[in-house]
Amino acid sequence: MIDRMQTDRPLLEIRDLHVAVGETEILRGVDLTVRLGEVHAIMGPNGSGKSTLAGVLAGRPEFTVTSGDALYQGENLLTLAMPPENRARDGIFLAFQYPVELPGVRTWQFLKAAVDALREHRGQKQLSIREFDSLVEEARQLVEIEPGLIKRSVNEGFSGGEKKRNEILQLALLDPTLALLDETDSGLDIDALRIVANGINQFRGPSKAIVLVTHYQRILNYITPDYVHVLVDGRIVRSGGKELALELEEKGYDWVRDPTAAGAEVTA
Amino acid sequence: MSSQKVISRQTGLEDTQYKWGFEFDIESDVIPKGLNEDIVRLISSKKGEPDWMLEWRLKAYRHWTKLGLEEPEWANIHHAPIDFQDMIYYAAPKSKGDGPKSLDEVDPELIESFNKLGIPLEEQKKLSGVAVDAILDSVSVATTYQDMLEKAGVIFCSMSEAIKNHPDIVQKYLGSVVPYSDNFYATLNSAVFSDGSFCYVPPGVRCPVELMTYFRINEVDTGQFERTLIIADEGSYVSYLEGCTAPMRKTHQLHAAVVELVALDNAEIKYSTLQNWYPGDKNGEGGVYNFVTKRGKAAGVNSKISWAQVETGSAITWKYPSVILQGDNSVGEFYSVALVNNFQQADTGTKMTHLGKNTRSTIIAKGISAGHAENTYRGQVKIMPSATGARNFTQCDSLLIGDQCGAHTVPYIEVRNPTAQLEHEASTSKVSDDELFYIQQRGISNEDAHYMIINGFCRGIFKELPFEFAAEASQLLRVSLEGAVG
């Protein structure tokens, strides 16, 4: 019975989460439960708090949690004030909406340091250069970026699409448990979108979970979510299956924003 | 007049961060404190110098006394007045007779002491591909790879030996780039310099190994005044490395060196420094005053002089490795990382003086400030009327860690030929929260994230360093910043 409860425990459980930046409240009571094997899409208009939700789970320092909980593998991320590197080592990965440029820091060296840190945390021995290089090569081929980029400074001078693909390369290489994908589809042309979506689908599996933050329904043509949530003004106003995304695409966000319209839909 | 004593290993300071802070336990020959003509004569006689050398020293000393004990005040540094009479101007490890003729005669304890610093001198352990001249306090104790260098015709020895064995070359070039009257500290050095390294590379020779001088101050209350002279004859090449450390002491120690480089037609000199003198403790007590004059003359056509420095040590650093671009098409380069932490002060940069036609200079200076430290880049680019077609590119970047430190950039540009092209770029930044968060989100600690950003900031300079120095430089930054980040 205890075992059963253990396995039934959600990977991530967010309860009445309130988050502010300075004096401004961005999230105003978010509830969300994510289990292993699931893909959740969080959709919503600009400024609704989607990126804040992803950022606060990863431990971005400028966000203040004013109330609520976020349990990850049963541990409260928020009250523990867990630093971002500990969350990362415990398997939370954030694919950045705007990947950061690190002048002078070679991509290879950055990836190596990240893999070394994770393996050390897991009590695994350090990979040899040869083993590491072959993992990087595998991930690189998955996201189809130029071999030369691995030798260049992290994200410096990369095109928008290259930056996003580099995020998915890191996802593949670091193999986390919970992937938070923050507008990974934005700014991608159709080929890059297909490549990125393919990388995410490769990652998907019964021992993983994905929270995919997006503005557009487009990426969901490639990645079929189990659940779609609509975030408006810091609250999840609607949840449903994959068909909710299509409905949103058709009717626009005003449809969920307007309580009477939404109410009409429910009673229909 | 000389006294002998055994130095104890106790320095009375507990500072675990500066791992080079131990003292050598060796017997020393030390002269009395103070400076006067007799002291200058004594230093010269201890070294058995010819008259011309003594005369040169005395000229410098007399000039120095006329300067009225007034140190230059234009630099952005602050310290209590230095009592030049309360200092020892010569200290040497005690040796029997005339000093060691070969490594076999060098005191084994001395060799062991250098081993502890990571500078092996014995034949079988010596650093591969690097010939080392080890200088302790005032004198050169050993020079490795002599045979190989001799075969190539390269002269690499202590300055004292050069004065004895190669007086013609020394007389021709000593003071030819930095005259004894150049500045307060250079003048002082000219009067009392005790040793240093000398190198002459004959025409057409590419020096087969890197040359390295390792400087070590050991004695209490001693100043170190070494003098280095490097001449690259026509079409030759030499890469020269310089490293330095000192024990931890509560009092300040003065280091006033002079380095002169001469590159003749088509010759190239690459001079790299890792400066790691004791920086003082975290409250600013103790540490070396590093007041150094370094200058190269790219005298010949197509000659090139390149300075690369990583400055992490010293309580105060005051140095401007410069190039006089005299030959047509000559090239001058200056690549610098200056890191200050706690209460350290650095005022460093370069001077590029363009005289020849189509001369080119590049300046890339990276300053890192942490704690309560102050870091100033001071650089001068001077294009003389004769320098038609001269070009300069300057880039100065400052990185601040914390909010108690300072970064200053003071460029001087003087252009007297309308064909010159100059570019100047400067930036000041802080380690950004976005960068830190991005790195930490990949499982890397906050502290490691800082070093990653700082190393990235310095990468352009590190790649100019010889391979074996680059890894050490990166390590040195980390040690020097301990406690400032994370």
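Please refer to the structure higher up on the page.
These remarks concern the structure in this document. Since the structure is predicted, the reported quantities are computational estimates derived from the model, not experimental observations. (Residues numbered from 1 in each chain as written. Chains lettered and ligands numbered in written order. Predicted model: local features only at pLDDT ≥ 70, side-chain atom pairs only at ≥ 80, totals over all residues.)

Counting its regular elements, chain B contains ten helices and 24 strands. Looking at chain B residue by residue over its 486 residues, the buried ones come to 55%. Contacts in chain B between residues at least 24 apart in sequence constitute 81% of all its contacts with a sequence separation of at least 6. (Helix = DSSP H or I, 4+ residues; strand = E, 2+ residues; numbered from the N terminus. Buried ≥ 20, exposed ≤ 12 C-beta atoms within 10 Å, placed from the backbone. Contact = placed C-beta atoms within 7 Å.)

What follows concerns the overall build of chain A. In terms of helices and strands, chain A carries ten helices and twelve strands. Its C-alpha atoms give chain A a radius of gyration of 19 Å, near enough to 18 Å, the size a compact globule of 268 residues would have. The dimensions of chain A, computed from C-alpha atoms along their principal axes, are 60 × 45 × 40 Å. Expressed as a percentage of the 268 residues in chain A, the buried residues total 43%. Sequence separation of 24 or more characterises 71% of the internal contacts of chain A that already satisfy a separation of 6 or more. (Rg over C-alpha atoms; globule rule 2.2 N^0.38 Å.)

Contacts between the two partners involve 23 residues from chain A, matched on the other side by 20 residues from chain B. Contributing elements (two or more residues each) for the side of chain A that touches chain B: α3 (84-89), β7 (102-106), α4 (107-121) and α6 (160-174) of chain A. It is α4 of chain A that contributes the most residues to the side of chain A that touches chain B, five residues altogether. For the side of chain A that touches chain B, the per-class residue count stands at 16 nonpolar, four polar and three charged. (Nonpolar A, V, L, I, M, F, W, Y, C, P; charged D, E, K, R; others polar.)

At N155 of chain A, a residue that is not glycine, the phi angle is positive and equals roughly 60°. By the element assignment, N155 of chain A lies in the loop between β8 (153-154) and α6.

We now examine the packing of α6 of chain A against helix α7 (residues 190-203) of chain A. Residues and elements named next belong to chain A. Where α6 meets α7, the closest approach of the two axes is 10 Å, and the angle between their N-to-C directions is 10°. As summarised for this structure, α6 and α7 are arranged roughly parallel, according to the angle between their axes. Every residue of α7 that contacts α6 at G161, K164, R165, I168, L171 and A172 is listed here: A192, I195, V196, G199, I200, Q202 and F203. Grouping the constituent residues of the contact of α6 with α7 by class yields eight nonpolar, three polar and two charged. (Axes fitted to C-alpha atoms, helices over the stretch in contact; angles between N-to-C directions. Parallel < 35°, antiparallel > 145°, perpendicular 65-115°, else oblique.)

All names here are of chain A. Along the chain, E25 falls in strand β2 (residues 24-34). Residues E25 and F93, spaced 68 residues apart in sequence, show a C-alpha to C-alpha distance of 24 Å. Those residues within four positions of E25 in sequence are excluded, and the remaining contacts are H18, A20, T66 and G234.

Membership of the largest hydrophobic core comes to 209 residues, with the highest contact counts inside it found for F93 and L180 of chain A together with A263 and I269 of chain B. Ranked by the residues each element gives to this core, the list is headed by helix α9 (residues 446-462) of chain B, at eight residues. Each residue touching A263 of chain B, except ones within four places of it in the same chain, is listed here: A232, E268, I269, G296, A298, A299, G300, S303, K304 and I305 of chain B. (Core = buried A, V, L, I, M, F, W, Y, C linked by C-beta atoms within 7 Å.)

Another point: the sheet that holds strand β10 (residues 209-214) of chain A. Residue and element names in this part refer to chain A. Read from one edge of the open sheet, six strands run β6-β9-β10-β3-β11-β12, paired in mixed fashion. Each edge of the open sheet carries a strand with a single partner, namely β6 (92-95) and β12 (235-240). Averaged over all pairs of adjacent strands, the angle between their axes in this sheet comes to 20°, without regard to strand direction. Along the sheet, α6 makes contact with β6 and β9 (178-182), crossing β6 at roughly 165°. (Pairing = 2+ DSSP bridges.)

Turning to the pairing of β2 of chain A, a few remarks are in order. All names here are of chain A. Examined bridge by bridge, strand β1 (residues 12-21) and β2 share eight bridges and lie antiparallel to one another. Across the sheet, residue I14 finds its bridge partner in β2, namely L32. Between the end of β1 and the start of β2, which pair antiparallel, lie two residues, with G22 showing a positive phi angle near 60°.

Below, the discussion takes up the packing of helix α1 (residues 37-46) of chain B against helix α2 (residues 51-66) of chain B. Residues and elements named next belong to chain B. Between α1 and α2, whose axes approach to 10 Å, the crossing angle comes to 150°. By the criterion of interaxial angle, the relationship of α1 to α2 is roughly antiparallel. The interaxial crossing formed by α1 with α2 has right-handed handedness. Residue-level inspection shows E37, V40, R41 and S44 of α1 in contact with α2, the latter providing M53, L54, R57, L58 and Y61. (Left-handed = near helix turned anticlockwise from the far one by under 90°.)

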